[in-house]
Amino acid sequence: MSKLSTKLKEEFFALLPPTIYFFVALHIIMFIRILMLRKTGVALSSSVSIAVAALILGKAVLIADMLPLINRFPNKPLI
């Protein structure tokens, strides 16, 4: 395998957990909004826009994790 495909595979697997978390959390929020706004006729966002938002938030988590200000102790657990 080339270096590029190895790097892409590594980044994909690093991006997967936060993206899945935000995907589920945003769907729960959408479900609650649907229940609250059931008879008002307000248009709600679709699953595609939630998936895109989850990808963006997942990538933002990875970028924030690489910042030295946030990740002061990389070898120590957060708890």
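On a predicted model such as this, the values are computed, not experimentally measured, just so you know.

Colleague: Quick one: what's the story with a nonpolar patch on the surface, residue by residue and with numbers?
Modeller: Where nonpolar side chains cluster on the molecular surface, the patch consists of F12, F13, L16, I20, F23, V24, I28, F31, I32, L35 and M36 and spans about 1100 Å² of accessible area. Its location among the elements puts V24 in helix α1 (residues 3-36). Residue classification places V24 among the partly exposed residues on the basis of a relative accessible area of 44%.

Colleague: Outline helix α2 (residues 47-66), supporting the account with residue identities and numerical values.
Modeller: An α-helical turn contains 3.6 residues, so a residue and the one three or four places further along point in the same direction. For α2, with 20 residues, the first-to-last C-alpha span of 29 Å sits near the 28 Å given by 1.5 Å per residue. Summarising the contacts, the buried residues of α2 are in contact with α1.

Colleague: Go over α1, please, and point to the residues and values.
Modeller: Compared with an ideal rise of 1.5 Å per residue, which puts 34 residues at 50 Å, α1 spans 49 Å between its outermost C-alpha atoms and is within 8% of the ideal. Within α1, the axis deviates most sharply at L16, by approximately 35°, and proline P17 lies no more than four positions further along. The set of residues buried in α1 consists of L15, P18, T19 and M30.

Colleague: Requested: an account of the packing of aromatic side chains, with residues and values cited.
Modeller: Pairs of aromatic rings are described using the distance from one ring centre to the other and the angle between the two planes. Summed over all chains, the structure comprises 2 aromatic pairs. On the numbers, 5.4 Å between centres and 65° between planes, the contact of F12 with F13 is edge-to-face. Relative to F22, the ring of Y21 lies with its centre 5.3 Å away and its plane at 70°, an arrangement referred to as edge-to-face.

Colleague: A description of the side chain of T19 should follow, citing residues and the corresponding values.
Modeller: Structurally, T19 can be placed in helix α1. Excluding anything up to four places from it in sequence, T19 contacts A54, L55 and G58.

Colleague: Let's hear about the environment of L26: which residues, and what values?
Modeller: You can see L26 is positioned in helix α1. Accessibility expressed as a relative area gives 23% for L26, which makes it partly exposed. Among all residues touching L26, those that are not within four sequence positions of it are I50, A53, A54 and L57.

Thresholds, definitions, all that
Residues numbered from 1 in each chain as written. Predicted model: local features only at pLDDT ≥ 70, side-chain atom pairs only at ≥ 80, totals over all residues. Heavy atoms only, no water. Patch = residues over 30% accessible without salt bridge, like charges linked within 9 Å, V, L, I, M, F, W, Y side chains within 5 Å. Areas by Shrake-Rupley, 256 points an atom, 1.4 Å probe, with all protein chains shown as cover. Salt bridge = Lys/Arg side-chain N within 4 Å of Asp/Glu carboxyl O. Helix = DSSP H or I, 4+ residues; strand = E, 2+ residues; numbered from the N terminus. Buried < 20%, exposed > 50% of the residue type's maximum accessible area, 1.4 Å probe, protein only. Expected span 1.5 Å × (residues − 1). Contact = heavy atoms within 4.5 Å. Bend = angle between axes of the 7 residues up to and from the residue. Phe/Tyr/Trp six-rings, centres within 6.5 Å; stacked < 30°, edge-to-face > 60°.

Read these as spatial facts, not as claims about activity.
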